[in-house]
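Spelled out from the first residue to the last, the chains are:
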Amino acid sequence: MRTRRPGRWVILLVTALTAAPVAACGAKPEAAARPHATAGPSATATHSAAEERAAREAALAAYSGYLAASRAASRRSDPRHPELAKFLADPLLTRVRLAIREAKEHGAVRTGTFVSDPTVTSVSLDSVPATVEIQDCLDTTGYRLVDAKTKRVVPGSGGGRHLATATATRYHGRWLINYGAGHEDQPC
């Protein structure tokens, strides 16, 4: 089995983590193109605290769903797992699916658990589309890439505690995670 740089699996886990969240994130998670929101016609509009709170809660729920869906899809080596599309949007959805498919082609799956402690760092309801930025301290020390047949841990696939960031974007009233990056060089 050919191994890949295991740190990529964290945010696509998050496949990260997901990868799985967190997981596995393309060639270089930080290099992924990040969409830029633009101010809409009502850029000067103000939103109530209740609207902002609702956006925060919905974005964190989408993030939590993303991590859970990525973990489940990675455990089963199923890049078409139906839960992925419930919580992810492109370009992150495609990156997660590719990472899971790549692991499957190399006979690997993700096992174990990780700990997530996300917080919202900004809410932009006036941008088009509306976005919420999330920062997380992921602890992936118990989340491993293993050979699907032998269940042996793939050398070098150990995890740790590091910063992860994500963007939740509102599409037609639904909050979906469309950007995510693991910052393994930034412990937390």
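Above this text you will find the structure in question.
The text that follows walks through the structure, step by step, so that each part is easy to find. Given the structure is predicted, the values throughout are model-derived calculations rather than measurements.

On to the pattern of salt bridges, then. The full count for this structure, using the stated rule, is 4 salt bridges. Between Glu52 and Arg56 there is a salt bridge, with its nearest N and O atoms 3.3 Å apart. One end of the pair, Glu52, and the other, Arg56, are both in helix α1 (residues 49-76), 4 residues apart, so they sit about a helical turn from each other. Since its relative accessible area comes to 29%, Arg56 is described here as partly exposed. Across the pair Glu105 and Arg101 runs a salt bridge, and its minimum N-O distance is 3.5 Å. Here Glu105 and its partner Arg101 are both found in helix α3 (residues 92-105), 4 residues apart, which amounts to about one turn of the helix.

This part is about the side chain of Asp136. Its location among the elements puts Asp136 in strand β5 (residues 131-139). For the buried Asp136, which has no salt bridge, the nearest side chain bearing the opposite charge is Arg161, at an N-O separation of 8.7 Å. Of note is the side chain of Asp136, whose polar atom sits 2.6 Å from the backbone nitrogen of Asp117. In this structure, Asp136 is in contact with Tyr63, Leu67, Ser116, Asp117, Pro118, His162, Leu163 and Ala164, ignoring residues within four places of it in sequence.

For strand β7 (residues 161-171), a buried count of 8 out of 11 residues is recorded, marking the element as mostly surrounded by other parts of the structure. When β5 meets β7, the two strands line up antiparallel, connected through 9 bridges. Bridging across to β7, Val132 finds its partner in Ala168. Note that β7 and strand β8 (residues 174-183) share 9 bridges and pair antiparallel. Across the sheet, Tyr171 pairs through a bridge with Arg174, a residue of β8. Here β7 folds back onto β8, and the loop between the two strands holds 2 residues, one of which, His172, carries a positive phi near 50°.

Conventions and cut-offs
Residues numbered from 1 in each chain as written. Predicted model: local features only at pLDDT ≥ 70, side-chain atom pairs only at ≥ 80, totals over all residues. Heavy atoms only, no water. Salt bridge = Lys/Arg side-chain N within 4 Å of Asp/Glu carboxyl O. Helix = DSSP H or I, 4+ residues; strand = E, 2+ residues; numbered from the N terminus. Buried < 20%, exposed > 50% of the residue type's maximum accessible area, 1.4 Å probe, protein only. Lys, Arg positive; Asp, Glu negative; His and termini not counted. Polar contact = N/O pair within 3.5 Å; in protein donor to acceptor, adjacent residues only side chain to side chain. Contact = heavy atoms within 4.5 Å. Pairing = 2+ DSSP bridges.

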